[in-house]
Amino acid sequence: MQGAVSRGTRSRWPGWPARWVMWSAARPRWIVYAVACETVAAGATVAALLTGFGGAVRPVWFAALVALGIAQAEMSRRIERLRRWMSGQTHINVTSVWYLAGAVLLPPGWVALLAVVLYVHLWLRVWRHVRSRPAHRFAASTAWAMLSCFAASASLTMAGLGNAPLETWRGVGALVLAAAVFEIVNIVLVAAGIYLYTSKPSLADLVGTREDNAFELATLCLGGLVALALVVQPVLILCAVAPLLLLHRYLLLKQQLQVAAVTDEKTGLLNTAGWHRLARREFARARRRAAGGGFAVLMIDLDHFKRINDTYGHLTGDDVLAEVAVAITGSVRAGDTVARFGGEEFVVLLPALGGADVLGIAERVRAAVRALTVVISSGTGTLRIGDLSVSIGVARYPETGPALDDVLRVADEALYRAKDAGRDRVAV
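All values reported here derive from a predicted model rather than from experimental measurement.

**Student:** Is there a simple way to think about the pairing of strand 1 (residues 295-302) in this case?
**Tutor:** Every regular strand shows the same layout, with side chains that alternate between the two sheet faces. With eight of its eight residues buried, strand 1 lies for the most part within the structure. A two-sided burial pattern is seen for strand 1, the buried positions comprising Phe 295, Val 297, Met 299 and Asp 301 on one face and Ala 296, Leu 298, Ile 300 and Leu 302 on the other. Sheet topology places strand 1 next to strand 3 (residues 345-351); seven bridges connect them, and they run antiparallel. Bridge pairing in strand 3 places Phe 295 opposite Pro 351.

Right, here's the structure in full:
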């Protein structure tokens, strides 16, 4: 569990820290926390390397872990990039395998250096191409990995288990202690970073889901086996690579299935189930917030959609729905949630918004669809479909009732008032 914090595009090297988007995008409290962690991580690592804290390093072990970590990252590079594009907060990083092995086999300063090498390689080969992984988050995540590795290795030194033979019960105890310290320190550091970076995160955002933590446990177990193999029979390390790659592929498949379960295949928007899940979360947050912290819902219906299907066919109708979805998404704020409710109906969740602002966004959506012309190329020529319009119903919590269903029902009633009044309008 090393990363905090999806789609993106190729980005260039961000330049000096003074030019990072951190200074405008991140909260001051997070910046203070991140810089403090980075300073402590760098200072502790340099001090340990200079003083020889934890004993002498075996260069062969350090080189082997670097080589294995880079090789595994290269073999799973495309999978990791896709996984980062698809995820939001990312709690799982399979490099835990090499970090735990390093924490058991290397002195504290050297295992922290191992974390730096592997993270820099991941940045150069994977993360710098993902927009949700900007340089300031990479730097903070690197510091948290360094501190977790350092703490795990230092705990063995202070407990007198630094040189315990891994094939004995003392060695098993060293593995368990290192894994426990690594995981606890990392959870605390990452959770604090997420809490300071985001607004009212859920428990799953802070510490990951049960499945996330079960996967992390699996990678730590593999890390223990890698450490044992390096000491007893190094060739056995190859036996850990295949299951590690399969676990990585499983992660991607799991995320693909999760995305597919809440995504409407025709428009790429959330489906009803996905939208309801986010809406319930926002409803719970709104109930905890002080007065004025409500949310709003737009219920949107594409006018005369049946006529489009009957005239041009259902495939063209699907193309029109997809373009309308793009127009709606482009007319709302970045933090608003758009979904297709089925048929020609869409819904938008607008968190923390006043009544006048809600009407402004609703009118913006209506105008965007009114200005839309869908161009479809086919074997018979180019088809242009215009004169589109939507009817929009608006409802706001808490004015419309104490439950989420009350808000949806009122928005739906307002939508039908807009349609009865002649369509192409907003009703409250």
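**Student:** Even after reading the chapter, I still don't get the side chain of Arg 396, so can you show me in this structure?
**Tutor:** Inspection of the secondary structure assignment puts Arg 396 in strand 6 (residues 390-397). Separated by 2.8 Å, the side chains of Arg 396 and Glu 399 make a polar contact.

**Student:** Explain the pattern of salt bridges to me, please; I cannot follow it from the model alone.
**Tutor:** Pairs may arise between side chains of opposite charge once their charged atoms sit close together. Overall, the coordinates contain 14 salt bridges when judged by the stated rule. The partner of Asp 318 in a salt bridge is Lys 266, and the shortest N-O contact between them spans 3.4 Å. Residue Asp 318 is located in helix 14 (residues 314-331), and its partner Lys 266 is located in the loop between helix 11 (238-261) and helix 12 (272-288); the two are separated by 52 residues in the primary sequence. Put simply, Glu 363, Arg 366, Arg 370, Asp 387 and Asp 424 are held in one network by salt bridges that share partners.

**Student:** What should I look at first to understand the UniProt feature "transmembrane region" (unreviewed entry) in the protein chain in this one?
**Tutor:** Mapped onto this numbering, the UniProt entry gives "transmembrane region" (unreviewed entry) at residues 30-53, 59-76, 97-122, 142-162, 174-197 and 217-247. Along residues 217-247 one finds 84% helix and 0% strand; the C-alpha atoms at either end are 12 Å apart.

**Student:** Is there a simple way to explain a nonpolar patch on the surface in this structure?
**Tutor:** There is a patch of nonpolar side chains on the surface, built from Trp 169, Val 172 and Val 176 and spanning about 370 Å² of accessible area. Mapped onto the elements of the fold, Trp 169 is located in helix 8 (residues 169-197). The exposure class of Trp 169 is exposed, given its relative accessible area of 77%.

**Student:** Would you explain the environment of Ala 63 in this entry?
**Tutor:** Mapped onto the elements of the fold, Ala 63 is located in helix 3 (residues 59-75). Residue Ala 63 is classed as partly exposed on the basis of its relative accessible area, which comes to 44%. The spacing of Ala 63 and Leu 114 is 51 residues in sequence and 9.1 Å in space, taken between C-alpha atoms.

**Student:** Hey, could you run me through the packing of helix 5 (residues 96-105) against helix 7 (residues 135-158) in this one?
**Tutor:** Describing two packed helices takes the angle between their axes plus the distance from one axis to the other. Direction vectors running N to C along helix 5 and helix 7 enclose 35°, while the axes themselves pass 8 Å from each other. Between helix 5 and helix 7 lies a crossing whose hand is right-handed. Residue-level contacts link Tyr 99, Ala 103 and Val 104 of helix 5 to Ala 145, Cys 149, Ala 152, Ser 153 and Leu 156 of helix 7.

**Student:** Would you mind showing me how to read helix 14 here?
**Tutor:** Each α-helix winds once per 3.6 residues, and so residues spaced three or four apart point in a common direction. Its 18 residues give helix 14 an end-to-end C-alpha distance of 26 Å, which sits within 8% of 26 Å, the value for a rise of 1.5 Å per residue. Those residues of helix 14 that fall on the buried side of the exposure criterion are Thr 316, Gly 317, Val 320, Leu 321, Val 324, Ala 325, Ala 327, Ile 328 and Ser 331.

**Student:** How do you make sense of the pairing of strand 3 when you look at a structure like this?
**Tutor:** Strand 3 sits mainly inside the fold: seven of its seven residues count as buried. Neither face of strand 3 is exposed, since Glu 345, Val 347, Leu 349 and Pro 351 on one face and Phe 346, Val 348 and Leu 350 on the opposite face are all buried. Both strand 2 (residues 337-342) and strand 3 contribute to a ladder of five bridges, which runs antiparallel. Paired with Val 338 across the two strands is Val 348, which belongs to strand 3.

**Student:** What's the story with the packing of aromatic side chains in this structure? I'm lost.
**Tutor:** Aromatic ring pairs: the centre-centre distance and the angle between the two ring planes describe each pair. Counted according to the given criterion, the structure contains 11 aromatic pairs. Relative to Phe 182, the ring of Tyr 99 has its centre 6.4 Å away and its plane inclined at 45°; by these criteria the two rings are tilted. Of this pair, Tyr 99 sits in helix 5 while Phe 182 sits in helix 8, and the two are 83 residues apart along the sequence. The rings of Tyr 99, Tyr 119, Trp 123, Phe 138 and Phe 182 are connected pair by pair, giving a single aromatic cluster. Looking at Arg 58, its charged tip hangs above the ring of Trp 61, at a distance of 4.4 Å from the centre.

**Student:** Before we go on, may I ask you to explain the packing of helix 2 (residues 28-51) against helix 8 in this structure?
**Tutor:** Where helix 2 meets helix 8, the axes come as close as 8 Å, and the angle between the chain directions of the two elements is 155°. It follows that helix 2 is roughly antiparallel to helix 8 by the angle criterion. The two elements helix 2 and helix 8 cross, and the hand of that crossing is left-handed. Between helix 2, through Arg 29, Trp 30, Tyr 33 and Cys 37, and helix 8, the contact on the second element is made entirely by Val 188, Leu 189, Ala 192, Gly 193, Tyr 195, Leu 196 and Tyr 197.

**Student:** Please clarify how helix 3 should be interpreted in this entry.
**Tutor:** Counted at 1.5 Å a residue, the expected span for helix 3 with its 17 residues is 24 Å, and the 24 Å between its end C-alpha atoms agrees. For helix 3, every residue scored as buried is listed here: Trp 61, Phe 62, Leu 65, Val 66, Leu 68, Gly 69, Gln 72 and Ala 73. Seen from one end, helix 3 has its buried residues packed into an arc of 165°, which puts them on one side. Along helix 3, the residues that are exposed and aim more than 90 degrees away from the buried face are Pro 59, Val 60 and Met 75.

**Student:** What is the right way to look at the sheet that holds strand 6 in this model?
**Tutor:** Pairing between sheet strands relies on hydrogen bonds along the backbone, with the strands arranged either parallel or antiparallel. Across the sheet, five strands lie side by side as 2-3-1-6-7; this open sheet has mixed pairing. The sheet is open, and its two borders are formed by strand 2 and strand 7 (426-427), each paired with just one other strand. Direction of pairing for strand 1 relative to strand 6: antiparallel, over a ladder of eight bridges. Looking at the pairing, Val 297 lines up with Ala 395 of strand 6. Together, strand 1, strand 3, strand 6 and strand 7 form the strand contacts of helix 16 (residues 404-420), whose direction differs from that of strand 6 by roughly 150°.

Reading the values: rules and limits
Residues numbered from 1 in each chain as written. Predicted model: local features only at pLDDT ≥ 70, side-chain atom pairs only at ≥ 80, totals over all residues. Heavy atoms only, no water. Buried < 20%, exposed > 50% of the residue type's maximum accessible area, 1.4 Å probe, protein only. Helix = DSSP H or I, 4+ residues; strand = E, 2+ residues; numbered from the N terminus. Pairing = 2+ DSSP bridges. Polar contact = N/O pair within 3.5 Å; in protein donor to acceptor, adjacent residues only side chain to side chain. Salt bridge = Lys/Arg side-chain N within 4 Å of Asp/Glu carboxyl O. UniProt positions renumbered as here; feature names shortened; annotations may be inferred. Patch = residues over 30% accessible without salt bridge, like charges linked within 9 Å, V, L, I, M, F, W, Y side chains within 5 Å. Areas by Shrake-Rupley, 256 points an atom, 1.4 Å probe, with all protein chains shown as cover. Axes fitted to C-alpha atoms, helices over the stretch in contact; angles between N-to-C directions. Left-handed = near helix turned anticlockwise from the far one by under 90°. Contact = heavy atoms within 4.5 Å. Expected span 1.5 Å × (residues − 1). Phe/Tyr/Trp six-rings, centres within 6.5 Å; stacked < 30°, edge-to-face > 60°. Lys NZ or Arg CZ within 6 Å of the ring centre and 35° of its normal. Parallel < 35°, antiparallel > 145°, perpendicular 65-115°, else oblique. Arc of directions from axis to C-beta.

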